[in-house]
Amino acid sequence: MNAAADGAPQALQDGGGGGAPQSNGHTSDFSQVLEAIQAVYAPTSSNDTRRQATEYLEQAKRDPNAPSHGYTLAADQSQLVHVRYYGLGLLEYSIKYNWDEFTADQGAVLKDYVLELARNVTENDQVYFRNKVAQLWTEVAKRSWGAEWLNMDEQLVSLWTRSLHHQAIVLYVLETLSEEVFNREDATAGLRGSDLGRACVEIFTPLQVLQEQLPTRDKSLDVRCGDEGWLKRLCDNLSWCLGQDYQNQEAIRSSGAKTINALRAAMPWIIPKAIAATGVIEAVCKALSIPVVELQLAAVEVLQSIYSRSHLHDDEFQELVCPMFTPGSVSLLREVYSWTLSDMNIDDLDDQKYTLCKKLSELANSLGLFIEQKPQNIPEGSDLAGIFGFLYDILRNPSLVVSIPVLHCWTKLLRSRAVRDSEVVTSMVGGLLETCCARLIRYESLPEDTEDVTLQFLNEDIDTVPERHAFLGNYRRFCADIIEVLVRRTPVEAMQHILSQATNMLSNLYSDKPAFQPQTFSKHSAAVLQVDAQVTVIDAAIKGYLKWLNTQGEDMQEDERKRATMENSFEEWGRQILQARFEDPEIAKKVISLMSTFSTKALPDRSAFALSFLEYMLTIRLADNPEFAQYSDAVKDLERICSLEMQKLAMKFADDFMNVYNQLENKVNEMIADPTTDERQRMAYSAFLFIIIHRCTTLDKATQEQRMRQMLNQVEDAWNNDGFSKSISGFQSFCAILGMGQLPEFLSANNFRGVQDWSNQPLGSDGQALQAAVLERSQQLPLRLTKTLLAASTEKLRDGSPAYETAAALWAEAIPTLLPNLLQLVSHAQAFNDIDSNWSHLPPELQQVIRRVLTDRFWQAGISTESRDDFFARVSGSKSTYEGFASTIRGTVRQIRESSYYILYSLTKFRDHFYGISELPGPLSHALFGHAHALTAHHLSVLLTVSTHLIEGCPAHLRSHFLPPMVQGLFRELDRKISAEWNEVARQVAESGDNDNLTDEMKTESILRQLTYSSVSLVAVLLDSRQEFGRSEDQTQRDNSGPPMCDFLLSTPAVLEPILMFCNSTIRVRDTRSVVTIVRVLRTLLPRFKEKSPIRDYFCNDILKSAITSLHEPYFVDCQKELASLIAGIIHLDEDIPRSIILSLPGMGDQYRVDRRLSKLRGSNRSDERMQRSIVLDLLSSIKGVSIHEQGKIQRSAPKKRSAAMEQYMAIDQVPAIVRGTSPGLAGVADMFGES
């Protein structure tokens, strides 16, 4: 700050004197301050007067005499409270921003001002005034306590007994110091972290505990007053409050709550022995037993703070955890829980009691986890039956939000043999199974008006659809985990019970409702949801059974007998289900999926059942009825599922199916010849036969290859066709082959430009004919055939297996033939969206129509105003309109693009046969990225996915050949597109009005966030060697034999450069998750660039500037820790460049101050990250005269009232909030470096 740079105050104790500064920096009479404050608060003041007065008051804070004037105003009890509060503001400014410039004597005077104000508070002072005085105390303490100021504890003790309002100041100081020194990332406290930490431990802990637990501690730190310590004083004070008339005296209740809060703040860091020695748990349990919800909530949070601590030693476990398992404590917990239930009426909910109920559940989770971790340490006489009963009761609570922490706990408890086999838990198994099975229903698909109390609680607790979906996904996962564990424990009995339940449900599906009718079909009908829940139960049960199979061993004979019995019962039950016919295609789909799980996983050796199931799928043909669009789509989807499940069976039972191959071939050929079978199904049936031949081990190799080659020749011939090659050689001929050669003329002749609502404008017969022609012609491209056979050749195959080697050898012949035309298709399908390249010859109004044709309709959870089903119904219902025609055009081109991507992805599985083609990298990069800028963020995400596979799948020995053009092209386009899109979002937000369409902008921004984060995740995988092998999916595609990918990229500057440029741009995007990730990756790279190089200079210049710019914008408050650490790391890289940049910043002209802090940074312990961050935040706090962290606090939106435990159950990609009519950043921040 400039005030600091211009010189420290000459004398704080002169009581006034020098006067306030004018805006030109000269001083004037401080009496104007009173007039200015009056002008700010006077209702008659004009906006201009109020603004000038505010500016004057802000400037006055920089006056050298501001502290003494501040004290004078704040201490004068005759002044109005806002005048006195402004006086505190003057003191605060001096403490926060000028402290380092004061001499020791001046600091002592400032401290004495604060102490005097604290001593003189009265009961009549407003709470916020007293809290501000206490805050100033903590600000001084963070800067000088334990150094110059040693008797603070004595002064706190002297205030403690004066009055309740003095006591409140002490409680504020104790709680805030605990939070800011230990629990929160406070930059000022971080600068003196170890000194303040030692001082806190010293004054909170009883002397006897310190002497026993830390006998070798530094005893020269003379800061404590008395032997008892604050932990004991707080417990005694709480006991005193609970002995008073707390029901009728608000001041007593308030003191009790503040005392408990001060205890809570100390629990994460205090020595565990001190908690036991001072009787914290007993004192807090006493508060929990008092029927005052405010105190009970605070008490539960103290207990939760204790039991959230990890790594408790056995003796600490005995002293801190076991008291909660005594009959008295368990009884108390159950009584308080029952008391909260008394007001748990969803129509008249007591919010405080309901919050207490949720907090008790989180506490129960923590206590339950201790039982799972150390069951052997729980002493005799503990009421474990009671605590398990407590957990069981909470699990069954009608509110899923109350239930989930304990549900999660049960998933872990049941994995402990000691718990699982205990008598009390055995008696609960039936109830646990019943509850988990019942709650696997998809609550999010129930109608909003369903009178289900669980759904009503869910809607009350979780506002947004994405959070609700994430939460329910976690809830279902935990329920399935419990079913899995219980089946594993008693497989025969549990499976018998579950399958008989399923039989009963399927037999009575329509007993209380009308029989199925196609016209009333719904994907989320009551019957479908029932079946879905039951299938999920059985899927979980099969997982448990399979795990039981894998852990057999103690009694092999008995286990084998059980296995045979269970397989017999599975097969019998499966055959019984295959006798049934399900007219609802959605139910049929779920049953087929379940039968597939039985056949391929639970009955892998029972080929007879697999053949029966195959026959079932070949003969299940539900009558299609195009009159009912949703039903018709579901029937087609059922056919698709059947063909996919047939292919899975063929992979598993290829040898068995080979024995009846001729019959299967006849049946399949008959179905292929059926005129009602569509082209996609025909290809799927061909792939089914191809898989049998490819995967069977009984056919001799020559016959196998000859039959496979016959099928693959179709692919090669389709691509190697002169007429086809010629027809896609140019963009116009590409449009012509799709029937779109006259598209602009058609759009113009049918006046698309003049129609506002395309979805309500019927399409004429010529338009419908053109629409059908486009669809038919796109089907004639060889894409689907190639995709289908590639999938059949590569799915579920391990590298090096005989089937893989056969497929690789055969496809190696076809790859060079199909690639040239495939790349042409990719290039044209992307160029179709490039208005400037291919549609610029059209009149501007027709170009606008083309743009609209290319604009996707999409639905997004949590943003779209209609339901997903309504959206699909609307799209399906508009096929014969102008919008339907536009959808066909863009959908056809998108399908070509994405099918081509899939083929390229599949070809990567043949490794050297694909990557080793000498002339591939350049043309492939050009085809993929030449027109990528024209794609929307949504479509670019798909391109990013395939590019990720192409890059990661490259064998190590071919990286230098394949990767450079691919990585350069990809990151050039990502940087260009993502930067432009974020700039556009910022422009729209700045310019839009309240009545603009929020939904479309929110969808756009949400998709942009996803694209940004996916791009950043790729960078993390490519550049961070610790994540190189971290991804679980597609492990077979990764070359783990060679050196890490990052070694190649970091040693090839031409490839690294576009990645770093993308990283630099990303530091500025408004997506917290992406920024945090990219900053962490950049920090891991710093040690590799210690030597002088252009890349090191890029870090020290461009990346440093971006990091500082983001650090100073309120949006990035949640990234400050990471950004500050990156800045610290960059400063360590180079002596000169970062220093010159920092000195060039506004408000940083004091070279002495900057050098002193840079020296402190370089001299501090580099492994102490908190210290490094704190020095950087302190160094840069002067920019624009406002502390970085303060700026963030001012702008930060109000946090949700949700615990960290609950947040983990609803973690999703945050839906972006669009703020209207405000500038996207702080004025002046963007041009700090004098750049446009």
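Criteria and thresholds
Residues numbered from 1 in each chain as written. Predicted model: local features only at pLDDT ≥ 70, side-chain atom pairs only at ≥ 80, totals over all residues. Heavy atoms only, no water. Helix = DSSP H or I, 4+ residues; strand = E, 2+ residues; numbered from the N terminus. Buried < 20%, exposed > 50% of the residue type's maximum accessible area, 1.4 Å probe, protein only. Areas by Shrake-Rupley, 256 points an atom, 1.4 Å probe, with all protein chains shown as cover. Core = buried A, V, L, I, M, F, W, Y, C linked by side-chain atoms within 4.5 Å. Contact = heavy atoms within 4.5 Å. Phe/Tyr/Trp six-rings, centres within 6.5 Å; stacked < 30°, edge-to-face > 60°. Lys NZ or Arg CZ within 6 Å of the ring centre and 35° of its normal. Expected span 1.5 Å × (residues − 1). Salt bridge = Lys/Arg side-chain N within 4 Å of Asp/Glu carboxyl O. Axes fitted to C-alpha atoms, helices over the stretch in contact; angles between N-to-C directions. Parallel < 35°, antiparallel > 145°, perpendicular 65-115°, else oblique. Left-handed = near helix turned anticlockwise from the far one by under 90°. Nonpolar A, V, L, I, M, F, W, Y, C, P; charged D, E, K, R; others polar. pLDDT = per-residue confidence, 0-100.

In the annotation of an unreviewed UniProt entry, the protein chain is listed under the name ARM repeat-containing protein and assigned to Macroventuria anomochaeta.

Explanation requested: the overall build of the protein chain in the structure shown.
Counting secondary structure elements, the protein chain contains 61 helices and two strands. Looking at the protein chain as a whole, 55% of its 1236 residues qualify as buried. Within the structure as shown, the protein chain displays about 52400 Å² of accessible surface, and the carbon and sulfur contribution to it stands at 48%.

Explain the nonpolar core to me, please; I cannot follow it from the model alone.
Proteins that are soluble and globular tend to have nonpolar side chains buried together. Ranked by size, the top nonpolar core spans 394 residues in total, and within it Trp 410 and Phe 471 carry the most contacts. In terms of residues, this core owes the most to one element, helix H42 (residues 802-831), which gives 16 residues. Among all residues touching Phe 471, those that are not within four sequence positions of it are Leu 400, Val 401, Ile 404, Leu 458, Ile 462, Met 1206, Tyr 1209 and Met 1210. The next biggest cluster of nonpolar side chains, apart from the first, holds 14 residues, and it includes Phe 30, Ala 36, Tyr 56 and Leu 90.

Would you mind showing me how to read the packing of aromatic side chains here?
Given two aromatic rings, their pairing is described by the distance between the two centres and the angle made by the two planes. Counted according to the given criterion, the structure contains 42 aromatic pairs. Seen from their ring centres, Phe 752 and Phe 885 are 5.9 Å apart, and the 55° between their planes marks the pair as tilted. Here the residue Phe 752 occupies a position in the loop between helix H39 (743-749) and helix H40 (765-779), and Phe 885 occupies one in helix H46 (residues 882-907), the gap between them amounting to 133 residues. Considered together, Phe 752 and Phe 885 belong to a single accessibility category, that of buried residues. Considering the side-chain rings of Phe 832 and Trp 839, the 5.3 Å spacing of their centres and the 80° angle between planes classify their relative orientation as edge-to-face. Here Trp 839 falls in the buried class, since its relative accessible area comes to 3%. One aromatic cluster in this structure is built from Tyr 545, Trp 548, Phe 570, Trp 573 and Phe 598. Here the guanidinium or amino end of Lys 353 rests over the ring plane of Trp 339, the centre of that ring lying 4.0 Å away. In this structure, Arg 852 packs its charged tip against the face of Trp 758, placed 3.9 Å from the ring centre.

Any chance you could explain helix H41 (residues 783-794) here in plain terms?
Each α-helix turn comprises 3.6 residues. Residues three or four places apart therefore point the same way. Compared with the 16 Å implied by 1.5 Å per residue over 12 residues, the 16 Å span of H41 between its first and last C-alpha is a close match. Within H41, 10 of the 12 residues are buried, which leaves it mostly tucked inside the rest of the structure. Those residues of H41 not exposed but buried are Leu 783, Leu 785, Thr 786, Thr 788, Leu 789, Leu 790, Ala 791, Ala 792, Ser 793 and Thr 794. Tucked inside the fold, the buried residues of H41 contact helix H35 (679-695), helix H36 (701-719), H42 and H46. Taken from the residues just after H41, Lys 796 is the one with a positive phi, measuring 55°.

For this particular structure, what's the right way to read the environment of Phe 653?
The residue Phe 653 is located in the loop between helix H32 (629-652) and helix H33 (654-658) in this model. On the accessibility criterion, Phe 653 (1% relative accessible area) is buried. Once the C-alpha coordinates of Phe 653 and Arg 606 are considered, the two residues, 47 residues apart in sequence, prove to be 9.3 Å apart.

Before we go on, may I ask you to explain the pattern of salt bridges in this structure?
Opposite charge on two side chains permits them to pair, given that their charged atoms come into close proximity. This model, assessed by the stated rule, comprises 67 salt bridges. Connected through shared salt-bridge partners, Glu 139, Lys 142, Arg 143, Glu 180, Arg 184 and Asp 186 make up one network.

Explanation requested: the environment of Ile 271 in the structure shown.
Tracing the chain through its elements places Ile 271 in the loop between helix H14 (250-266) and helix H15 (272-277). Spatially, the C-alpha atom of Ile 271 lies 8.6 Å from that of Leu 210, the residues being 61 residues apart in sequence. Not counting residues up to four positions away in its chain, the partners in contact with Ile 271 are Val 201, Thr 205, Val 209, Leu 210, Gln 213 and Leu 214.

Whenever I open this one, unusual backbone geometry confuses me. Can you help?
The general pattern is negative phi for most residues beyond glycine and trans for most peptide bonds. Positive phi outside glycine occurs at His 311, with the angle close to 60°. Its place among the elements puts His 311 in the loop between helix H17 (293-307) and helix H18 (314-321). Residue classification places His 311 among the exposed residues on the basis of a relative accessible area of 73%. Phi is positive for Lys 796, close to 55°, though the residue is something other than glycine. We classify Lys 796 as exposed; its relative accessible area is 67%.

Sorry, what's going on with the packing of helix H13 (residues 229-242) against helix H16 (residues 280-288) here?
The N-to-C vectors of H13 and H16 enclose an angle of 25°; their axes lie 10 Å apart at closest approach. Comparing the axis directions of H13 and H16 gives the class roughly parallel. Note that H13 runs across H16; the crossing there is left-handed. In contact with Leu 231, Cys 235, Leu 238 and Leu 242 of H13, H16 contributes Val 280, Ala 283, Val 284, Lys 286 and Ala 287.

I tried to follow the packing of H35 against H41 on my own but got confused; where do I start?
Two quantities define a packed helix pair, namely the angle between the axes and the distance from one axis to the other. For the pair H35 and H41, interaxial distance at closest approach is 9 Å and the crossing angle is 30°. Classified by the interaxial angle, the pair formed by H35 and H41 is roughly parallel. Note that H35 runs across H41; the crossing there is right-handed. When H35 is examined against H41, the residues Arg 680, Met 683, Ala 684, Ala 687, Phe 690, Ile 691, His 694 and Arg 695 are found in contact with a partner set consisting of Arg 784, Leu 785, Thr 788, Leu 789, Ala 792, Ser 793 and Thr 794. The residue makeup of the contact of H35 with H41, split by class, is eight nonpolar, four polar and three charged.

I'm lost on the confidence of the model for the protein chain in this one. Help?
Detailed reading of the predicted model is not advised wherever pLDDT is low. Residues with a pLDDT of 70 or more make up 90% of the protein chain, whose mean pLDDT is 88. Across residues 1032-1036, confidence stays below pLDDT 50; counting only partners more than four residues off in sequence or on other chains, it has six contacts. In the predicted structure, residues 1213-1236 sits below a pLDDT of 50 and forms 58 contacts with residues beyond four places in sequence or in another chain.

What is the right way to read the environment of Arg 420 from this model?
Inspection of the secondary structure assignment puts Arg 420 in helix H23 (residues 417-420). We classify Arg 420 as buried; its relative accessible area is 16%. C-alpha of Arg 420 to C-alpha of Arg 489: the two residues are 69 residues apart in sequence and 8.2 Å apart in space. Leaving out residues up to four positions away in the same chain, Arg 420 has contacts with Leu 413, Leu 414, Arg 415, Val 425, Thr 426, Val 485 and Arg 489.

Help me understand the side chain of Arg 233, please; the structure alone is not making it clear to me.
By the secondary structure assignment, Arg 233 is in helix H13. Owing to a relative accessible area of 7%, Arg 233 belongs among the buried residues under this scheme. Ignoring any residue separated from it by four or fewer positions in sequence, one finds Arg 233 in contact with Val 157, Trp 160, Cys 225, Gly 226 and Glu 228.

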